[in-house]
Amino acid sequence: MKIHAIQTGSVRIKTAQVEGRGHGLKRRLAVFTDRNWSDWLPTYAWAIEHPEGVIVVDTGQGVHLLETAQSLHPFARWEVAFSIAPEQEIGPQLRDRGIGPRDVKQVVLTHLHMDHDGGLAHFRGSEILVARGEQNLARGWAGWVRGYLPNRWPSWFDPLPLDLAPQAFGPFAASKPLTAAGDVIAVATPGHTRDHISVLAQENGTTFFLAGDTSYNEALMLADKVDGVTGDEESSRATLSSIRRFAADHPTVYLPTHDPGSALRLARRSTIATRG
Ligand SMILES: [Zn+2]
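Treat the numbers as computed from the prediction; the structure is a model and nothing was measured. (Residues numbered from 1 in each chain as written. Predicted model: local features only at pLDDT ≥ 70, side-chain atom pairs only at ≥ 80, totals over all residues. Heavy atoms only, no water.)

**Student:** Requested: an account of a nonpolar patch on the surface, with residues and values cited.
**Tutor:** Together, Leu25, Leu29 and Phe32 make up an exposed nonpolar region whose accessible area comes to about 310 Å². When its relative accessible area of 38% is taken as the criterion, Phe32 is described as partly exposed. (Patch = residues over 30% accessible without salt bridge, like charges linked within 9 Å, V, L, I, M, F, W, Y side chains within 5 Å. Areas by Shrake-Rupley, 256 points an atom, 1.4 Å probe, with all protein chains shown as cover. Salt bridge = Lys/Arg side-chain N within 4 Å of Asp/Glu carboxyl O. Buried < 20%, exposed > 50% of the residue type's maximum accessible area, 1.4 Å probe, protein only.)

Structure, rendered in C-alpha cells:
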C-alpha cells in the first residue's frame with residue numbers, strides 16, 4: 001500500500017473558522033465578522049495505491065472554485081478564497097504519478113464541501129461513495145443555502161450512498177471496511193458536518209488517518225479546539241476525543257486536509273505518539 005498526498009492548490013479562510021470563538025450562533029457568526037485571514041493553507045486529496053485498486057479519498061479543489069468570489073452565497077463570496085491552477089487539479093497530478101482515471105476503483109468523499117469534491121470531473125467512470133446523510137444535506141436549494149453549492153457538481157454526479165454499519169471501530173461508533181482485506185476502513189467522524197467520515201488505512205500496525213476536516217490541523221485536535229463552522233460543537237468535540245483515544249492505542253499518522261504538516265508527516269510516517 002502506498003499513500004500519495006496530492007496538494008490541489010490552497011485556500012484561505014477566516015481565523016475564527018480555523019478555531020471557533022464562543023459558542024452556538026455567536027461562534028458561527030464570528031466567521032463572518034472576523035477580519036483576519038488564515039495563512040494560505042494546502043488542500044490535500046489522497047490516493048491509496050492498494051492491491052485491490054486505487055482508492056481516492058477526497059478530490060480537492062478545481063479551478064471552477066476561482067469563480068466563487070462572484071458567488072451570491074455570502075460564505076463562498078466573502079469568507080473563503082482559493083488558489084489553484086489547472087495542472088494542480090487531482091486528475092493531472094494522478095497522471096504524473098502513473099495513475100490513470102481507469103485505475104481508480106473507488107472515490108470516497110469525507111464530506112461534500114467544495115474543496116473536497118472540486119475534482120469530481122476527473123472521475124466520471126469511478127464508483128463514488130458519499131455518506132447518505134451528507135448527500136441529503138448537500139442536495140438542492142437547501143444544500144446551496146448550507147454552503148454546499150451543489151450547482152457546481154458535474155451533471156452525471158450520482159454517488160452511491162455510503163452507509164456505515166452501527167459497528168464500532170475502536171472509539172468510532174460506526175464503520176465500514178472499503179477493501180476485502182479490511183485494511184481500509186471508513187469511520188464516522190461527525191462534527192464539521194453531521195455525517196462527516198474519515199478513512200483509515202492500516203499497514204504494518206500503523207494507521208494513516210485521512211481525517212478530512214475533523215480539525216484544520218493536528219495541534220487543534222490535540223488541544224480539543226472545535227472549528228468555527230460546525231453545527232454541533234458537542235459531536236465535534238466527541239470526535240476529537242475519539243481520535244485522541246484511538247491514537248493512544250494505535251500508532252496513528254493524523255492527516256487533516258488543510259494541515260501544512262500533513263504531507264511531511266505522511267512521508268516520515270510520523271505518528272502522534274512518537275512526536276513532541
Ligand atoms: Zn469542510
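Now that the structure has been shown, we can carry on.
**Student:** Which residues make up the sheet that holds strand β2 (residues 41-50), and what are the values?
**Tutor:** What the 7 strands build is an open sheet, ordered β4-β1-β2-β3-β5-β6-β7; its pairing is mixed. Only two strands of the sheet have a single partner each, and these edge strands are β4 (80-83) and β7 (160-162). Averaged over all pairs of adjacent strands, the angle between their axes in this sheet comes to 30 degrees, without regard to strand direction. (Pairing = 2+ DSSP bridges. Helix = DSSP H or I, 4+ residues; strand = E, 2+ residues; numbered from the N terminus. Axes fitted to C-alpha atoms, helices over the stretch in contact; angles between N-to-C directions.)

**Student:** Explain the sheet that holds strand β12 (residues 252-256) to me, using residue names and the numbers behind them.
**Tutor:** Spatially, 5 strands are ordered β8-β9-β10-β11-β12 in an open sheet, and the strand pairing comes out mixed. Looking at which strands have only one partner, the edges of the open sheet turn out to be β8 (175-177) and β12. If you compare each strand with its neighbour and ignore which way they point, the axes differ by 20 degrees on average. Two elements, strand β11 (residues 206-212) and β12, share 5 bridges in a ladder whose sense is parallel. Within the sheet, the bridge partner assigned to Leu210 lies in β12 and is Leu255.

**Student:** Let's hear about the coordination of the zinc ion: which residues, and what values?
**Tutor:** In this structure, His111 (NE2), His113 (ND1), His192 (NE2) and Asp213 (OD) serve as the protein donors to the zinc ion, at separations of 2.1 to 2.3 Å. With 4 donor atoms in place around the zinc ion and angles of 90 to 176 degrees between them, the coordination shape is irregular. In the primary sequence, the donor residues of the zinc ion line up as H-x1-H-x78-H-x20-D. Pair noted here: His113 is in the loop between β5 (104-108) and β6 (127-131) and His192 is in the loop between β9 (184-188) and β10 (197-203), with a separation of 79 residues, a long-range link. (Donors = N, O, S within 2.8 Å, 3.2 Å for Na, K, Ca; no water. Tetrahedral: all angles 85-135°; square planar, octahedral: opposite > 155°, others 65-115°.)

**Student:** Give a description of the pairing of β6 that names residues and reports values.
**Tutor:** For β6, a buried count of 4 out of 5 residues is recorded, marking the element as mostly surrounded by other parts of the structure. Summarising the sheet, β5 and β6 pair through 3 bridges and their orientation is parallel. Within β6, the residue paired with Gln106 across the bridge is Glu127.

**Student:** Give me the nonpolar core: which residues, what numbers.
**Tutor:** In this structure, Trp46, Ile48, Val108, Leu178 and Val199 are the most contacted members of the largest nonpolar core, which totals 22 residues. At the level of secondary structure, the elements contributing two or more residues to this core comprise β1 (2-13), β2, β3 (53-57), β6, β9, β10, β11 and β12. Filtering out sequence-adjacent residues up to four positions away, Trp46 remains in contact with Ile3, His4, Ala5, Ile55, Val56, Val57, Asp58, Leu210, Leu255, Pro256, Ser262 and Leu266. Of all hydrophobic cores here, the second largest spans 21 residues; its members include Val56, Leu94, Val107 and Leu137. (Core = buried A, V, L, I, M, F, W, Y, C linked by side-chain atoms within 4.5 Å. Contact = heavy atoms within 4.5 Å.)

**Student:** Please set out helix α2 (residues 24-33) residue by residue, giving values where relevant.
**Tutor:** Within the span of α2, buried status applies to Arg27, Ala30 and Val31. Buried residues in α2, looked at end-on, bunch into an arc of 105 degrees, giving them a common side. Exposed positions of α2 whose direction lies more than 90 degrees from the buried face are Leu25, Lys26 and Thr33. Among the structural elements, α1 (15-18), α3 (74-78) and α8 (233-249) are those in contact with the buried residues of α2. (Arc of directions from axis to C-beta.)

**Student:** Summarise the side chain of Gln135; cite the residues concerned and give the values.
**Tutor:** Relative to the assigned elements, Gln135 resides in helix α5 (residues 132-138). At 3.1 Å, the side chain of Gln135 and the backbone oxygen of Val130 are in polar contact. Beyond its immediate chain neighbours, meaning those up to four positions away, Gln135 contacts Leu112, Val130, Pro159, Leu160 and Pro161. (Polar contact = N/O pair within 3.5 Å; in protein donor to acceptor, adjacent residues only side chain to side chain.)

**Student:** Could you give me a rundown of the pattern of salt bridges, with the residues and numbers involved?
**Tutor:** On inspection of all chains with the given rule, the structure shows 12 salt bridges. Across the pair Glu218 and Arg265 runs a salt bridge whose closest N-O atoms are separated by 3.3 Å. Of this pair, Glu218 sits in helix α7 (residues 218-222) while Arg265 is found in helix α9 (residues 262-268), placing the two residues 47 residues apart along the sequence. Counted as one network, the salt bridges with shared partners bring together Glu218, Asp259 and Arg265.

**Student:** If you had to explain the side chain of Arg265 to someone new, which residues and values would you point to?
**Tutor:** Note on Arg265: relative accessible area 9%, which makes it buried. Only 3.3 Å separates the side chain of Arg265 from the side chain of Glu218, close enough to count as a polar contact.

**Student:** Residue-level account of the packing of aromatic side chains, with values.
**Tutor:** Summed over all chains, the structure comprises 8 aromatic pairs. Aromatic side chains Trp153 and Phe157 sit 5.0 Å apart centroid to centroid with 70 degrees between the ring planes, which places their arrangement in the edge-to-face category. Members of the aromatic cluster, joined through ring pairs, are Phe169, Phe172, Phe209, Phe246 and Tyr254. Over the ring of Trp37 we find Arg12; its NZ or CZ atom is 4.7 Å from the centre of that ring. Here the guanidinium or amino end of Lys14 rests over the ring plane of Trp37, the centre of that ring lying 5.1 Å away. (Phe/Tyr/Trp six-rings, centres within 6.5 Å; stacked < 30°, edge-to-face > 60°. Lys NZ or Arg CZ within 6 Å of the ring centre and 35° of its normal.)

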